[in-house]
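In case you want the letters, here they are:
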Amino acid sequence: MNKAGFAQIETYMLDCMRDSAHDREHVYRVLYFAMDIAGHEENVNKDVLIAACLLHDIGREEQYRNPELGHERVGSQKAYRFLTGIGWRRETAEHVSACIASHRYRGSNPPGSIEAKIVFDADKLDAAGTLGIARTLLYQGIVSEPLYTLNAQGEIADGALERQPSFFQEYKYKLERIYDRFYTQRGKQLAEEKKHAAAAFYDSMLKEVRACYANGKRALEDALE
């Protein structure tokens, strides 16, 4: 891929991005993670990989407007139409489309090709560590989800058993488990370097909130007697 071809795809990507948690910088980080991982693999089609990274989240706006639409499915279709529209061979555009269709953590379509596995890992690396936590908090603010919820006993829930969306629930459902879902050795290595910081953040936040409720509620009860 030459610089002009890259710029053409990049311009289309920039025109599609609206979500501040999945913005252009997220796309660039995914691309950079992917290029790092690709350097540790063999027979990687760099044109497919670069295009798939640049276009992997272009379906986010449609999903935001209609949550029933998976951004990976919408994005894969948009990418195929765009790439064939600018002269890419159908087979290559289909390869890019397949990478995008299989990059979602919550998806039921696991990546098959090495390029798809790299895109998946690169995207998950940006959800790992403290950076992943920061992006999660940013996104939850956009969609008005809380930091935590209370269980039936009125205590701060740790998120492990809750279905109601919150940061703690998202951490237990995805951010804590994400480290077991990498396909490449380099991806696993980079993720492992991020794991401790994320766990420490979650543990510290849960401890702080629980202490606030425990101490403050007792003081309030004493004041109201």
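Numbers given to residues run from 1 along each chain, matching the order in which its sequence is written. Where local features are concerned, this predicted model is filtered to residues with pLDDT of at least 70; where side-chain atom pairs are given and counted, the filter is 80 or more; whole-chain, interface and lining totals use all residues. Side-chain numbers come from the whole structure's heavy atoms, not from hydrogens or water.

Draft legend 1. Highlighting the overall build of the protein chain. Regarding its fold elements, the protein chain presents 10 helices and 0 strands. Going along the chain from the N terminus, every DSSP run of H or I of four or more residues is numbered as a helix, and every run of E of two or more is numbered as a strand. Helices and strands appear in the protein chain in the N-to-C order α-α-α-α-α-α-α-α-α-α. Each of the three principal axes of the protein chain carries a C-alpha extent, and together these read 75 × 35 × 30 Å. When a residue's accessible area, from a 1.4 Å probe over protein chains only, is under 20% of the maximum for its type it is buried; when over 50% it is exposed; and in between it is partly exposed. In the protein chain, which comprises 225 residues, the proportion classed as buried is 45%. Across the protein chain, every contact between residues at least 6 apart in sequence was considered, and the portion connecting residues at least 24 apart equals 64%. Only the protein chains shown count as covering a residue, and every accessible area follows the Shrake-Rupley method with a 1.4 Å probe. When the accessible surface of the protein chain is summed, it comes to about 12,000 Å², and 49% of that surface belongs to carbon and sulfur atoms. Lys and Arg are tallied as positive, Asp and Glu as negative. Neither His nor the chain termini are counted. Working definition for charges: the position is that of NZ of Lys, CZ of Arg, CG of Asp or CD of Glu. The positive charge centre, built from 30 side chains, and the negative charge centre, built from 34, are 3 Å apart in the protein chain. Contacts: residue pairs with any heavy atoms within 4.5 Å of one another.

Draft legend 2. Layout of helix H3 (residues 46-55). For H3, a buried count of 8 out of 10 residues is recorded, marking the element as mostly surrounded by other parts of the structure. Among all positions of H3, only Val48, Leu49, Ile50, Ala51, Ala52, Cys53, Leu54 and Leu55 are buried. Here a polar contact means two N or O atoms within 3.5 Å. Within protein one must be a hydrogen donor candidate and the other an acceptor candidate, and residues neighboring in sequence count only if both atoms are side-chain atoms. Between the side-chain oxygen at the start of H3 and the backbone nitrogen of Asp47 there is a gap of 3.1 Å, and the oxygen is on Asn45.

Draft legend 3. Molecular detail of the pattern of salt bridges. Salt bridges are defined as contacts in which a side-chain nitrogen from Lys or Arg sits within 4 Å of a carboxyl oxygen from Asp or Glu. The full count for this structure, using the stated rule, is 11 salt bridges. Where Glu62 meets Lys78, a salt bridge forms, and the shortest distance between an N and an O atom there is 3.0 Å. Pair noted here: Glu62 is in helix H4 (residues 60-65) and Lys78 is in helix H5 (residues 71-85), with a separation of 16 residues, a long-range link. When its relative accessible area of 12% is taken as the criterion, Lys78 is described as buried. Close ionic contact of Asp123 with Lys124 constitutes a salt bridge, the shortest N to O distance being 2.8 Å. Looking at Asp123, the relative accessible area reads 11%, which means it is buried. Among the ionic contacts, a cluster of salt bridges with common partners joins Arg29, Asp126 and Arg135.

Draft legend 4. Fine view of the nonpolar core. Ile9, Leu49, Leu54, Leu55, Leu83 and Val96 are the most contacted members of the largest nonpolar core, which totals 54 residues. The set of elements that each furnish at least two residues to this core consists of helix H1 (3-16), helix H2 (24-38), H3, H5, helix H6 (90-101), helix H7 (114-125), helix H9 (167-175) and helix H10 (185-223). Apart from the residues lying within four places of it in its own chain, the contact partners of Leu83 are Ile9, Leu55, Trp88, Ala93 and Val96. Definition of nonpolar core: a set of buried residues of the types Ala, Val, Leu, Ile, Met, Phe, Trp, Tyr and Cys, connected through side-chain atoms within 4.5 Å.

Draft legend 5. Expanded view of the packing of aromatic side chains. Two aromatic rings, drawn from Phe, Tyr or Trp (for Trp, its six-membered ring), form a pair once their centres lie within 6.5 Å of each other, and the interplanar angle then sorts them: stacked below 30 degrees, edge-to-face above 60, tilted otherwise. On inspection of all chains with the given rule, the structure shows 11 aromatic pairs. Taken together, a centroid distance of 5.9 Å and an interplanar angle of 85° make the contact between Tyr148 and Tyr213 edge-to-face. One end of the pair, Tyr148, is in the loop between helix H8 (129-142) and H9; the other, Tyr213, is in helix H10, with 65 residues separating them in the sequence. Summarising the aromatic geometry, the rings of Phe167 and Phe201 are spaced 6.3 Å apart at their centres and angled 85° between planes, so their arrangement reads as edge-to-face. Residue Phe167 is located in helix H9, and its partner Phe201 is located in helix H10; the two are separated by 34 residues in the primary sequence.

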